[in-house]
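Chain by chain, the residues run as shown.
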Amino acid sequence: MTRTLFRRSILAITLSAALPALPAAAAAPPASNVETTRPAQVTPDSIEIPLDGGSLLIRAVAANALQIHYKPAGQLTEPSLVIAPDSAGSHPGRVTSSYNGQATVLSTSRMTLRWNPQQQTLVLSDAQGHALLQQQHSLAELAKGQLRLQHAAADPLYGIGGYDAFENAPASLLRHGKLTVKAGAQGHPGAPLVWSTAGYGVLVDTLGARVDLSDHQHIVIDKLSKPDVDYYLIVGRPAELFAAVSTISGPSPLFPKWAMGFTNSQWGIDQQELLNLVGGYRTRHIPIDNFTLDFDWKAWGEDDYGEFRWNPAKFPDGPSGRLKQQLDALGMHLSGIMKPRIHVDTVEGRDAEAHGLWFPGKQASDDYFSHKPVRDIDFDLPAARSWFFNDALKHSFDTGIVGWWNDEADDTDDDTQFMNMQRALYEGQRAYAPQRVWSINRNFYLGSQRYAYGLWSGDIATGFASMAAQRQRMLSAIDVGAMQWGMDGGGFHGHPSDENYARWIEFGAFTPIFRVHGDFGEKRQPWTYGPVAEQAATAAIRLRYALLPYIYAYEYRRHVDGVGLVRPLLFDYPDDPQVRDDIEAWMFGDALLVAPVVEQGQRRKSIYLPAGQWLDWFSGERLAGGQRIQHEVDAARWSDIPLYVREGAIIPMQPVQDYVGQQPVTELDVETFPAAQRSRFDYYDDDGGSYDYEHGAYFLQGMATQHQGGSASFELTAPRGSYRPALAYYLIAMHAGAATAVTAEGKPLNAYADLDALRRSGEGWANGHDRFGPLVYVRVAAGSERRLAVTLQDATAPPTATPTHGD
């Protein structure tokens, strides 16, 4: 149960799910507490409706978002942790409000809210005048904490929560029935957010709630944490809804660039084995950037802050920093496990006792690892958060533990315990050092994203069934705003087969946080699963590293727009009923659709491609969308990843390195697939490790391409930001056919005999051929505004695929 200044009052929000005609019985309004003798108060950007003993304040917080706050006299509370502390919303643009004698209207460029005092209705419409949500006869019930809205009965609903590690998780993203808004048990994500691809969302400021969707026409929310019901109505497509949620709840800061790579976590390890394993990765040229250590790294159970300092027996060079120096030279970062509990009979335990830092209601119990008495810290206390990032932990940070694996703070039934545990580390590290914060945590509640907060799905089992069930866990987490998600690749409990391991790595390469982990003594290095699995896993990891420029651009996109690298297909295709509940595939950025193989021995995989033209990443085959295709699976060597490029894609790539930053990236290969409709991509870079990007130290250059008959174009905008990377050239691979001429700013570029000759030159172009067919390579300097025009040999429209319907 969430502990707040107020016990959860029995408040209810009822949101109707269709805008059908109301039944006749609903036409008679209940007793009203609306003061009909006083009109609504209208200011240039808000409406305030007077009520008996309070009022209802409505204001625009973004062009597509309104805040509606019921303000009972004498019962106002501070916003919960769901809402960003400094949230004033974005600039909503032009806001108008008016009263015409019958209705009061508040409008932005994206929506209109109309209040009719005679009918006691609030109606929310989009910019085209389509009614999305209607509140009728509900203001009279606000004193009892009840609110009623209506919208179309067929609207698909999403959000609220996902699945924990152990529950039976149906292969579904749609939400029905009775649900609980909670942070929940390990792996569970939650948010007081309900949204629809019909074009709206409702976000409530509450820590925990109960939701009832049983009749398919209403969303009923009760057991809120605040007596002054405070909620937001949002309008738009899914990406626009989450942009508004990010504005209201706060953006997620960038992870360090090394976190875009691969992480190996292990329980049961010492310094020598660690160095041997890192050496194994480096000699095999299997890329990796982070090694995460379990209990082994710390002096767990020892006095004098053993929970926060190195274990000198297992890691003799940890405390001195010599181990860090060795790993720095190998390009390897270390992250370490953190627990919410402290040993009682220690210096730190007595400190916690003296300062009242224990979590209330949880008594001391024997720790399963040290077998000594421990108690949990109450991270909801500011004093506890300040104490947690202490001198001992600062020394561990200085000597190499630069990321946080937070574990087991999900058994208190407190929706903010895990959030505030990582908040303690985030705020402590930001006050102490300039390096970016990285963490993974075992549950999520909206608001956590502000604290460099990743979610992993908990102590899952190995095997194909468990692996397959991670798809709905990931996508439902993203549906509540947990954009930075990962899992124990290979499974925690048990030992995966060689095939299972290979397929799990291929799956993990297309998730936001790419990591492997297992139970005590389990090894998750690719070479321990035989040569076939090692080859397949290595190829997937190397593909991930080739795509790092593309991936890192979405790290920035998530920070500014609220939507990250991975999202369900319904984000990009909200009008396609085929993807409303699709967990088989997802978008990896704007350009790529991936549908990993998750069945043992599978030979054919049916995959739905949404409307448009697609290309198979590995074979180059052109495929028509709007149909199911049959992918022939490599059941012998497990070497294939069903991966498809959307027409119009722009995908920057780099040479594969053993770790992020091993060598300066001076040239990017930009795979470009022009379509008849203009498409764009924003390439992003920065120093990869500091927060200077918050002050304008970044490099952001827009790219755009289009194919029009016998010509194709590629444009670069003038870069924004003060950061200047080592990048000197873009090598644009334009998959539109061979060229006869290429100009830049209207002036001809030099033609070269082949790609090798072009790479040795400055700017210019050359024809070539790859798995996608004939193409033209264009090499131009990066960092300035450019306009390229390509005259094609084949003066026709872009090629289209012949529909080939699957079974």
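Each value, and the rule that gives it
Residues numbered from 1 in each chain as written. Predicted model: local features only at pLDDT ≥ 70, side-chain atom pairs only at ≥ 80, totals over all residues. Heavy atoms only, no water. Helix = DSSP H or I, 4+ residues; strand = E, 2+ residues; numbered from the N terminus. Rg over C-alpha atoms; globule rule 2.2 N^0.38 Å. Buried < 20%, exposed > 50% of the residue type's maximum accessible area, 1.4 Å probe, protein only. Arc of directions from axis to C-beta. Contact = heavy atoms within 4.5 Å. Polar contact = N/O pair within 3.5 Å; in protein donor to acceptor, adjacent residues only side chain to side chain. Salt bridge = Lys/Arg side-chain N within 4 Å of Asp/Glu carboxyl O. Axes fitted to C-alpha atoms, helices over the stretch in contact; angles between N-to-C directions. Parallel < 35°, antiparallel > 145°, perpendicular 65-115°, else oblique. Nonpolar A, V, L, I, M, F, W, Y, C, P; charged D, E, K, R; others polar. 1 Å grid on protein atoms, 1.4 Å probe; cavity = no way out; pocket = protein on both sides within 12 Å on 5 of 7 lines; lining within 4 Å. Points joined across faces, edges and corners; volume = space filled by probe spheres on them. Core = buried A, V, L, I, M, F, W, Y, C linked by side-chain atoms within 4.5 Å. Pairing = 2+ DSSP bridges.

A. Structural context of the overall build of the protein. Assigned secondary structure in the protein consists of 13 helices and 49 strands. Expected size for 807 residues packed as a compact globule is a radius of gyration near 28 Å; at 28 Å, the protein falls within 12% of this value. If you line up the protein on its principal axes, its C-alpha atoms span 85 × 75 × 50 Å. Within the protein, the proportion of its 807 residues that are buried is 63%.

B. Representation of helix α6 (residues 391-398) in the model. Those residues of α6 that sit buried are Ala392, Leu393, Ser396 and Phe397. The buried residues of α6 all sit within an arc of 140° when viewed along its axis, so they share a single face. Contacts from the buried residues of α6 go to β21 (333-338), α5 (382-388), β25 (401-406) and α7 (417-432). Where α6 begins, the capping side chain belongs to Asn390, and its oxygen is found 3.2 Å from the backbone nitrogen of Ala392. Looking one or two places after α6, you find Gly400, whose phi comes out positive at around 130°.

C. Up close: the environment of Arg471. On the secondary structure map, Arg471 appears in helix α8 (residues 464-478). Residue Arg471 is classed as buried on the basis of its relative accessible area of 7%. As a C-alpha pair, Arg471 and Pro568 span 97 residues in sequence and 9.9 Å in three-dimensional space. With residues up to four places along the chain from it excluded, the contact list for Arg471 reads Phe507, Ile583, Glu584, Trp586, Val598 and Lys605.

D. View of the pattern of salt bridges. Applying the stated criterion across every chain yields a total of 46 salt bridges. Between Glu408 and Arg341 there is a salt bridge, and its shortest N-O distance comes to 2.6 Å. Placement of Glu408 in the loop between β25 and α7 and of Arg341 in strand β22 (residues 341-343) is noted, with a sequence separation of 67 residues between them. One salt bridge in this structure joins Arg604 and Glu632, with 3.0 Å as the shortest N-O distance. In this pair, Arg604 sits in strand β34 (residues 604-609) while Glu632 sits in strand β37 (residues 627-632), placing the two residues 28 residues apart along the sequence. Residue class for Arg604 comes out partly exposed when judged on its relative accessible area of 41%.

E. Just the packing of helix α9 (residues 498-508) against helix α10 (residues 530-546), in detail. α10 packs onto α9 with a crossing angle of 5° between their chain directions and a minimal axis gap of 9 Å. Looking at the two axes, α9 sits roughly parallel to α10. On the side of α9, the interface is formed by Asp498, Tyr501, Ala502, Ile505, Glu506 and Gly508, while α10 contributes Gly530, Ala533, Ala536, Ala537, Ala540, Ile541 and Arg544. Of the residues contributing to the contact of α9 with α10, the split by class is 8 nonpolar, 2 polar and 3 charged.

F. Representation of the layout of surface pockets. Of the pockets and cavities examined, the largest pocket occupies roughly 820 Å³. Contributing elements (two or more residues each) for the lining of the largest pocket: α1 (238-249), α11 (548-561), α12 (569-572), β35 (613-616) and β41 (679-685). It is α1 that provides the largest number of residues to the lining of the largest pocket, a total of 4 residues. Broken down by class, the residue content of the lining of the largest pocket amounts to 14 nonpolar, 5 polar and 11 charged.

G. Summary view of the nonpolar core. Core analysis: the largest hydrophobic core is formed by 234 residues, its most contacted members being Leu274, Phe510, Leu592, Ile651 and Tyr730. If one sorts the elements of this core by residue count, α10 sits on top with 8 residues. Excluding residues that lie within four positions of it along the chain, Leu592 makes contacts with Leu547, Tyr550, Trp586, Met587, Trp617, Leu643, Tyr644, Val645 and Ile651.

H. Quick peek at α9. Counting buried residues in α9 gives 10 out of 11 residues, a clear majority hidden from the surface. Within α9, burial applies to Glu499, Asn500, Tyr501, Ala502, Arg503, Trp504, Ile505, Glu506, Phe507 and Gly508. Along its buried surface, α9 packs onto β19 (262-266), α8, β30 (514-516), α10 and β32 (586-588).

I. Region of interest: the environment of Pro256. Following the sequence through the fold, Pro256 ends up in the loop between α1 and β19. Owing to a relative accessible area of 2%, Pro256 belongs among the buried residues under this scheme. Taking the C-alpha atoms as reference points, Pro256 and Tyr608, 352 residues apart in sequence, are found 34 Å from one another.

J. Spatial organisation of the pairing of strand β16 (residues 209-213). Residues Ala209, Val211 and Leu213 of β16 are buried on one face, while the alternating residues Arg210 and Asp212, pointing to the opposite face, are not. The pairing of strand β13 (residues 177-181) with β16 spans 5 bridges and is classified as antiparallel. Each residue of the ladder has a partner; that of Lys178, found in β16, is Asp212. The pairing of β16 with strand β17 (residues 218-224) spans 3 bridges and is classified as antiparallel.

K. Molecular detail of the sheet that holds strand β49 (residues 786-792). If you trace the 6 strands from one edge of the open sheet to the other, you get β41-β42-β43-β49-β45-β46, paired in antiparallel fashion. Every interior strand has two partners, whereas the edge strands, β41 and β46 (747-748), have only one.

L. Expanded view of the packing of α10 against α11. Where α10 meets α11, the axes come as close as 5 Å, and the angle between the chain directions of the two elements is 60°. One element, α10, and the other, α11, form an angle in the oblique class. Along its contact with α10, which presents Arg544, Tyr545 and Ala546, the element α11 presents Leu548, Pro549 and Ile551. Looking at the contact of α10 with α11 residue by residue, the classes come out as 5 nonpolar, no polar and 1 charged.

M. Looking closely at the side chain of Asn406. Among the structural elements, Asn406 can be located in strand β25. With a relative accessible area of 0%, Asn406 lands in the buried category. A distance of 2.9 Å separates a polar atom in the side chain of Asn406 from a polar atom in the side chain of Gln422. Aside from chain neighbours lying at most four places away, what touches Asn406 is Met338, Phe418, Met421, Gln422, Leu425, Ser439, Ile440, Asn441, Arg442 and Trp456.

N. Local environment of empty space enclosed by the protein. Tallied over the full model, the rule gives 3 cavities of 30 Å³ or more. Estimates place the volume of the largest cavity at around 160 Å³. Contributions of two or more residues to the lining of the largest cavity are made by α1 and β28 (454-456). If one sorts the elements of the lining of the largest cavity by residue count, α1 sits on top with 4 residues. Considered as a void within the structure, the second largest cavity measures approximately 100 Å³ in volume. Lining the second largest cavity are 13 residues, and of these Met260, Pro512, Glu555, Arg558 and Leu565 lie nearest its centre. Its residues assigned to classes, the lining of the second largest cavity comprises 9 nonpolar, 2 polar and 2 charged.

Interpretation note: all reported values are geometric properties and have no functional meaning in isolation.
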